[in-house]
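The primary structure of each chain is shown beneath.
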Amino acid sequence: MANAPTDEAIAGSQGPQRCGVIAIIGAPNAGKSTLVNALVGAKVTIISRKVQTTRIQIRGIAMEGASQLVLIDTPGIFAPKRRLDKAMVASAWAGAADADQVLVLIDAAKGVDEDVERLLARLAEQGAKAILVLNKVDRVEDKSHLFTLVQDLSARLPFEQVFMVAALTGDGVADLKRFLAGRVPEGPWLYPEDELSDIPIRQLAAEVTREKIYNYLHDELPYQITVETESWKTLRDKSVRVEQVIYVTRDGHKSIVLGKGGQTIKKISQASRTGLTEIVGAPVHLFLFVKVREGWDRDPERYREMGLEFPTED
């Protein structure tokens, strides 16, 4: 009886290993996180209706044949005003500078706004080579508008290739993934084949809870909120006990998160627990605490924990 082929032999039969870093940049809420999750085939980054929820560079890892795609989900690029905004935008541009390929993601339903104009102008100044990805094309009823939009965008920045996708449903994502797999350079994989993200599980858990907070309180709560995983312990029955602290800047924000009789925090906890259980593959016992930490968004240590450079000026 013949021996089963090794992973190396299987990869070799598909051709030499290829690996590349792909940065996805765009205006807030263009669908960058949704696209990363669709390309990876699993949830590795936060998705929310509230704009600018991605604060750090999160790497999703997608496999296509012998190619490994290291996808950087960058914070949205917009006109920064607050210190945290500046750190997020600087992180996004740093991700683009370090990438082998840059995807410019545009919300096709929204079209060109000030954030998109600013983004394309900077890329043009840098002489950047980029791939245009129109997202949410399923929301555009008159498809002729898509071609007009492509012409408008291409006049501002010549693109190497254009793709039209609906990241939420997955339409067009497979074609984009195959194209990227063929474009990344030959070289050894940076991560094991079965790894989906390089973000530490404790940090991913905090991101999941932050996502649920925004889902429930996107109209009520400002951006000055952060979640930290204080404890992560695997129990004898293989379930996981997780303790997290939700930090807000004011007592009034604490009351919003808790809700009347603790009902809001209970809903957030249940939703986060469900999401974490799917990711971990084991029961999760989640305990959430809400604390006031005034000025956390001006504390350099908090920025380092999020993987952001602390801006020296407001």
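Rules and cut-offs
- Residues numbered from 1 in each chain as written.
- Predicted model: local features only at pLDDT ≥ 70, side-chain atom pairs only at ≥ 80, totals over all residues.
- Heavy atoms only, no water.
- Axes fitted to C-alpha atoms, helices over the stretch in contact; angles between N-to-C directions.
- Helix = DSSP H or I, 4+ residues; strand = E, 2+ residues; numbered from the N terminus.
- Parallel < 35°, antiparallel > 145°, perpendicular 65-115°, else oblique.
- Left-handed = near helix turned anticlockwise from the far one by under 90°.
- Contact = heavy atoms within 4.5 Å.
- Nonpolar A, V, L, I, M, F, W, Y, C, P; charged D, E, K, R; others polar.
- Pairing = 2+ DSSP bridges.
- Salt bridge = Lys/Arg side-chain N within 4 Å of Asp/Glu carboxyl O.
- Buried < 20%, exposed > 50% of the residue type's maximum accessible area, 1.4 Å probe, protein only.
- Patch = residues over 30% accessible without salt bridge, like charges linked within 9 Å, V, L, I, M, F, W, Y side chains within 5 Å.
- Areas by Shrake-Rupley, 256 points an atom, 1.4 Å probe, with all protein chains shown as cover.
- pLDDT = per-residue confidence, 0-100.
- Core = buried A, V, L, I, M, F, W, Y, C linked by side-chain atoms within 4.5 Å.
- Right-handed = clockwise from strand over helix to strand, strands pointing away.

Between helix α7 (residues 201–217) and helix α9 (residues 263–280), the least distance of the axes is 9 Å, while the angle of their chain directions is 140°. Between α7 and α9, the crossing angle belongs to the class labelled oblique. Crossing hand, α7 versus α9: right-handed. Here Ile-201, Leu-204, Ala-205, Val-208, Thr-209, Lys-212, Ile-213, Tyr-216 and Leu-217 of α7 come into contact with α9, specifically with Thr-264, Lys-267, Ile-268, Ala-271, Ser-272, Leu-276 and Ile-279. Across the contact of α7 with α9, the residue classes tally to eleven nonpolar, three polar and two charged.

Turning our attention to the sheet that holds strand β8 (residues 240–248). Pairing is mixed in the open sheet, where three strands are placed in the order β7-β8-β9. The outermost strands of the open sheet, each flanked by one partner alone, are β7 (225–234) and β9 (284–292). Between one strand axis and the next, the sheet turns through 20° on average, direction left out of account. Bridge count between β7 and β8: nine bridges; the pairing is antiparallel. When the bridges of β8 are listed, Lys-233 appears paired with Arg-241. Running over the sheet, α7 touches β7, β8 and β9 and is turned about 135° from β7. Contacts from helix α8 (residues 251–258) reach β7, β8 and β9 within the one sheet, and its direction differs from that of β9 by about 155°.

Applying the stated criterion to the full structure yields eleven salt bridges. With its nearest N and O atoms 3.0 Å apart, the salt bridge here joins Arg-156 to Asp-152. You can see Arg-156 and its partner Asp-152 sitting in helix α5 (residues 144–156), four residues apart, about one turn around the helix. On the accessibility criterion, Asp-152 (29% relative accessible area) is partly exposed. Arg-178 serves as the salt-bridge partner of Asp-175, at 2.4 Å between the closest nitrogen and oxygen.

Attention shifts here to a nonpolar patch on the surface. Taken together, Phe-147, Val-162 and Met-164 make up a surface patch of nonpolar side chains, about 260 Å² in accessible area. Note that Val-162 resides in strand β6 (residues 161–164). Classification of Val-162 as partly exposed rests on a relative accessible area of 32%.

All right, on to the confidence of the model for the chain then. Here the chain averages 81 in pLDDT, and 75% of its residues register 70 or above. Long-range and interchain partners of residues 1–13, a stretch whose pLDDT sits below 50, account for four contacts in this model, where long-range means more than four residues apart. Predicted confidence for residues 76–89 stays below pLDDT 50, and this span has 55 contacts to residues more than four positions away or in other chains.

The subject of this paragraph is the nonpolar core. Val-104, Ile-106, Ala-108, Leu-120, Leu-134, Leu-153 and Phe-159 are the most contacted members of the largest nonpolar core, which has 30 residues in total. Elements supplying a minimum of two residues to this core: β1 (18–26), β3 (67–73), β4 (101–107), α4 (114–126), β5 (131–135) and α5. Once residues lying within four places of it in the same chain are set aside, the contact partners of Leu-134 are Ile-106, Ala-108, Leu-146, Leu-149, Val-150, Leu-153, Phe-163, Met-164 and Val-165.

To continue, consider the pairing of β5. Burial analysis of β5 places five of its five residues in the buried class, which makes it a mostly covered element. As judged from the five bridges shared by β4 and β5, these two strands associate in the parallel manner. Looking at the pairing, Ile-106 lines up with Leu-134 of β5. Since β4 and β5 lie parallel, the crossover through α4 that links them has a hand, and here it is right-handed. For β5 and β6, the ladder comprises four bridges, and the chain directions are parallel. Looking at the pairing, Leu-134 lines up with Met-164 of β6. Regarding the hand of the β-α-β motif, the stretch spanning β5, α5 and β6 is right-handed.

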